[in-house]
Amino acid sequence: APQDYQAAPDLLAGKVILVTGAGDGIGRAAAKSYAGHGASVILLGRTTAKLEAVYDEIVAAGGPQPAIFPLDLATATEDDYATLARALDETFGQLDGLLHNAGILGERRPIASAQYPAWAEVMQVNVNAQFLLTRATLPLLEQAPEASVIFTSSGVGRRGKAYWGAYAVSKFATEGLMQVLADELENTSKIRVNSLNPGATNTAMRRSAYPGETPTSNPAPADIMPTYLYLMGADSAGISGAAFNAQG
Ligand code: NDP
């Protein structure tokens, strides 16, 4: 099972991989894990100090030199994504992987009283930004011999649940974006596209969603990396359009 996958130490050697929300939580663990398996990682996020800390951790661990790209997905424009794609092309000249990980929880309250600005921000960060980033980077991904795009889902993106509001709806949309893109790319390119539900994981987001829970009752981000590595590396070549779980 992908949850038990054991990645070769050089699984991602020579690959260039972009991780969104790379400054904290699961994205931070994934960036470090990908770099630890040989990838040059582009750290995208909104808090530069956090990205710099991850950068330093990767370098200290002996990983390939990463790059930092600060971007607030709530406000980024089409031009910002074009600038990012150009910078990637100029700096690395290739892109082999894209982990859409950044996300926000938003308000958790009934649809009946959900506030539109909060709703719109969740859809912007969790869905629209993924579309814009995917569209901007597709030309580079298409040049890779074999590329992987991973979208981050959630249990509530596969079955709706009361009071999860825009967050749940955004994750359903994420699954939809994954399926549409996978279908479009089937047979015409070597890009595989899948979704991944990390499952309950001890991060700031989880702790804020479940304040009454003992944080350590959930695995740490570093513990759920096997599926993240499996989907990013060559052992998942040819698998596309599927929904994965990082736990059980
Ligand atoms: P965290 O809140 O710990 O981390 C989210 C990351 O996304 C942070 O680095 C954050 O940056 C970044 N981010 C948020 N908003 C923006 C923005 N506007 N622009 C750029 N970056 C942004 O969450 P998790 O690590 O827990 O979640 C990662 C993914 O996993 C999310 O998609 C989440 O929905 C999903 N998930 C998590 C589960 C869990 O139990 N933890 C369960 C199911 C799904 P900053 O640090 O600067 O705020």
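Residues numbered from 1 in each chain as written. Predicted model: local features only at pLDDT ≥ 70, side-chain atom pairs only at ≥ 80, totals over all residues.

An unreviewed UniProt entry lists the protein under the name YciK family oxidoreductase, with Kineobactrum sediminis as the source organism. Per UniProt, the comment on the protein under Sequence similarities (unreviewed entry) is "Belongs to the short-chain dehydrogenases/reductases (SDR) family." (UniProt positions renumbered as here; feature names shortened; annotations may be inferred.)

Peer 1: Just checking my understanding: could you explain the site of the ligand for this structure?
Peer 2: For the ligand, the set of nearby residues contains 28 residues, the closest of which are G21, G25, T47, G103 and T203. Mapped onto the shell around the ligand, the elements with two or more residues apiece are α1 (25–36) and α6 (204–209). Of the residues contributing to the shell around the ligand, the split by class is 10 nonpolar, 13 polar and 5 charged. (Near = placed C-beta within 6 Å. Helix = DSSP H or I, 4+ residues; strand = E, 2+ residues; numbered from the N terminus. Nonpolar A, V, L, I, M, F, W, Y, C, P; charged D, E, K, R; others polar.)

Peer 1: Would you explain the packing of α1 against helix α7 (residues 225–232) in this entry?
Peer 2: A packed helix pair is summarised by two numbers, namely the angle formed by the two axes and the spacing between the axes. Their axes nearest at 10 Å, the elements α1 and α7 cross at an angle of 55 degrees. Here α7 runs oblique to α1, going by the angle between their axes. Considering how the two elements wind past one another, α1 and α7 form a crossing that is right-handed. Residue-level contacts link A29, A30, S33 and Y34 of α1 to M225, Y228, L229 and M232 of α7. For the contact of α1 with α7, the class distribution of residues is 7 nonpolar, 1 polar and no charged. (Axes fitted to C-alpha atoms, helices over the stretch in contact; angles between N-to-C directions. Parallel < 35°, antiparallel > 145°, perpendicular 65-115°, else oblique. Left-handed = near helix turned anticlockwise from the far one by under 90°. Contact = placed C-beta atoms within 7 Å.)

Peer 1: Got a minute to help me understand the sheet that holds strand β7 (residues 243–245) in this structure?
Peer 2: The strand order β3-β2-β1-β4-β5-β6-β7 describes an open sheet built from 7 strands, whose pairing is parallel. Only two strands of the sheet have a single partner each, and these edge strands are β3 (67–70) and β7. For this sheet the average axis-to-axis angle between neighbouring strands, irrespective of direction, equals 20 degrees. The sheet contact formed by strand β1 (residues 16–20) and strand β4 (residues 97–100) spans 3 bridges and is parallel. Within the sheet, the bridge partner assigned to V19 lies in β4 and is L99. (Pairing = 2+ DSSP bridges.)

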